[in-house]
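# Coordinate analysis (summary)
If you want the building blocks of each chain, they are given just below.
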Amino acid sequence: MSFVLFGPPGAGKGTQSVMLAKHLGALHISTGDLFRAAIKNQTPLGQQAKAFLDRGELVPDGITIGMLKEHFQTTKTKSFILDGFPRNVAQAEALKTLLLEVGLKMDQAVFLEVDQAQLIERLTGRRVCKNCGEVYHVRTRPSQKEGVCDKCGGSVVQRNDDRSEVIENRLVTYEKSTAPLRDYYRESGCYFEVNGMGEMSEIFQRILKILSKK
Ligand code: AP5
C-alpha cells in the first residue's frame, strides 16, 4: 500500500504519517524532513534549500524532484507514504514518471482537511526536537519537561518557518500551488478526503478506513 498524504501546512501530515508508517510497515518520506536534514548537515542541497524554507516558499521543482528520485533509488522500498510531495501539478506529473522508473505504484492520494484557524493554532504551538525531530505542541502534546525532548533529551525548539510571518506566506503558497492538486487527483480517480479535525487517534482511524477501500 503506497499513497500520498497531502494538505495545508499544519494539517497533521507528519503526525499521521509517522503513525501510519508504523502501523502499515511503510516507509515515511517527508520532503520537508529531507530538506531540514540537509540544512542541519550543511550539505550543498541544504545550502540551496535553506532560503526557500526560511521564507515559506517552495524549493524549485528541479532540486526537489532530484532529491526525491535519489531517495527512492537508495532506499529501495516497496510501500511508501509521501508527506509533502507532490506540492504542485508539475511535481505530481514528475512523480508518475519517477514511480514508473523505479517500478513502484501509488494507490491513493489522501487529502487532510483542516480549517484555517486550527492550522494556525497547530503551527504556532508546534515545537520540535533539534536532535531527533520528535514533534510536540505546547498545548496538545507538550514534552514532559519544557524545552527537553522526552525521547532523546535534545532541545525542543520552534521551527524557523513556524514564525507568524512565515506561516502566512506558507498558507498563501499552499493555496496557489498545492490546493489545485485536489482537482488533479480527483480527475485521476484516486482522490480521497479525510476530516483532519479532532483527536489524532480519531483521524488515524479515519485514514485507515479510507485506505481499506482500495
Ligand atoms: P514541510 O515540512 O512539508 O511543511 P508543511 O507542509 O508546511 O507541513 P508541516 O510540517 O508544517 O505540517 P504537517 O501537516 O506535517 O503537521 P504536523 O503533523 O507537524 O515543508 C517545509 C518546507 O519545505 C516548505 O515550506 C518548503 O519550503 C519545503 N518543501 C517541502 N516539500 C517540498 C516540495 N515538495 N516542494 C518544494 N518545497 C518543499 O502537525 C503540526 C502541529 O499540530 C504539531 O505540533 C502536532 O503535534 C499538532 N497536531 C497534529 N495533529 C493534531 C491534532 N489532530 N490535534 C491537535 N494538534 C495536532
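See the structure above.
The structure reproduced in this document is the subject of the present report. Along every chain, residues carry numbers that run from 1 in the direction the sequence is written. A pLDDT threshold of at least 70 governs which residues receive local features in this predicted model, and a stricter bar of 80 or more applies before side-chain atom pairs are shown or counted, although totals over entire chains, interfaces and linings include all residues. Here the side-chain values reflect all heavy atoms present in the structure, with hydrogen atoms and water set aside.

An axis is simply a line fitted to the C-alpha atoms; with a helix, the fit covers only the stretch in contact. Between two such axes, the angle follows the N-to-C directions and lies from 0 to 180 degrees. A helix here means a DSSP run of H or I that spans at least four residues, while a strand means a run of E at least two residues long, and both kinds are numbered starting from the N terminus. Packing of helix 2 (residues 31-40) against helix 4 (residues 61-75) leaves a shortest axis separation of 11 Å and a crossing angle of 95°. Comparing the axis directions of helix 2 and helix 4 gives the class roughly perpendicular. Together, Thr31, Leu34 and Phe35 of helix 2 and Ile63, Thr64, Met67, Leu68 and His71 of helix 4 make up the contact between the two elements. For this classification, Asp, Glu, Lys and Arg are treated as charged, while Ala, Val, Leu, Ile, Met, Phe, Trp, Tyr, Cys and Pro are nonpolar and the rest, including Gly, are polar. Here the residues of the contact of helix 2 with helix 4 sort into five nonpolar, three polar and no charged. Orientation is classified from the angle alone, with under 35 degrees giving roughly parallel, over 145 giving roughly antiparallel, 65 to 115 giving roughly perpendicular, and any other angle giving oblique. Whether two residues are in contact is decided by their heavy atoms, any of which lying within 4.5 Å being enough.

Let's shift gears to the site of the ligand. The rule for a residue being near a molecule or strand is that one of its heavy atoms must lie within 4 Å of it. The environment of the ligand is made up of 35 residues, and the closest members are Thr15, Glu57, Arg87, Arg126 and Arg170. Contacts to the ligand include Arg87, whose side-chain N or O atom sits 2.5 Å from an oxygen atom. The side chain of Arg126 places a nitrogen or oxygen atom 2.6 Å from an oxygen atom of the ligand. In this description, accessible areas are obtained by the Shrake-Rupley approach with a 1.4 Å probe, and a residue is regarded as covered only by the protein chains that are shown. For the ligand, whose free accessible area comes to 1000 Å², the fraction covered by protein is 96%. Residue classes in the shell around the ligand are distributed as 14 nonpolar, 12 polar and nine charged. Polar contacts, as used here, are pairs of N or O atoms within 3.5 Å; protein pairs need one atom able to donate a hydrogen and one able to accept it. Residues neighboring in sequence count only if both atoms are side-chain atoms.

Among the secondary structure elements, Asn88 is positioned in the loop between strand 3 (80-83) and helix 5 (89-102). A polar atom in the side chain of Asn88 sits 3.3 Å from the backbone nitrogen of Ala90. Among the polar contacts made by the side chain of Asn88, one reaches the main-chain amide nitrogen of Gln91 at a distance of 2.7 Å.

As a further point, take the sheet that holds strand 2 (residues 27-30). The parallel open sheet is built from five strands, whose spatial order is 2-3-1-4-8. This sheet does not close on itself; its edge strands, each paired only once, are strand 2 and strand 8 (191-195). Across the sheet, the axes of successive neighbouring strands diverge by a mean angle of 25°, strand direction being ignored. When DSSP locates at least two bridges between a pair of strands, those strands are taken to pair. As defined by bridge partners, strand 1 (residues 3-6) adjoins strand 4 (residues 108-113) across four bridges and the pair is classed as parallel.

The subject of this paragraph is the pattern of salt bridges. When a carboxyl oxygen of Asp or Glu is within 4 Å of a side-chain nitrogen of Lys or Arg, the pair counts as a salt bridge. Using the criterion set out here, one finds 19 salt bridges in the structure. Between Lys50 and Asp54 there is a salt bridge, with the nearest N and O atoms lying 2.5 Å from each other. Highlighted residues: Lys50 and Asp54, both in helix 3 (residues 44-55), separated by four residues, approximately one helical turn. Relative accessibility under 20% of the residue-type maximum defines a buried residue, over 50% an exposed one, and the middle range a partly exposed one, all with a 1.4 Å probe and only protein chains included. By relative accessible area, Lys50 is classed as partly exposed at 35%. Between Glu93 and Lys96 there is a salt bridge whose closest N-O contact spans 3.7 Å.

All we've got here are geometric facts, nothing functional implied.
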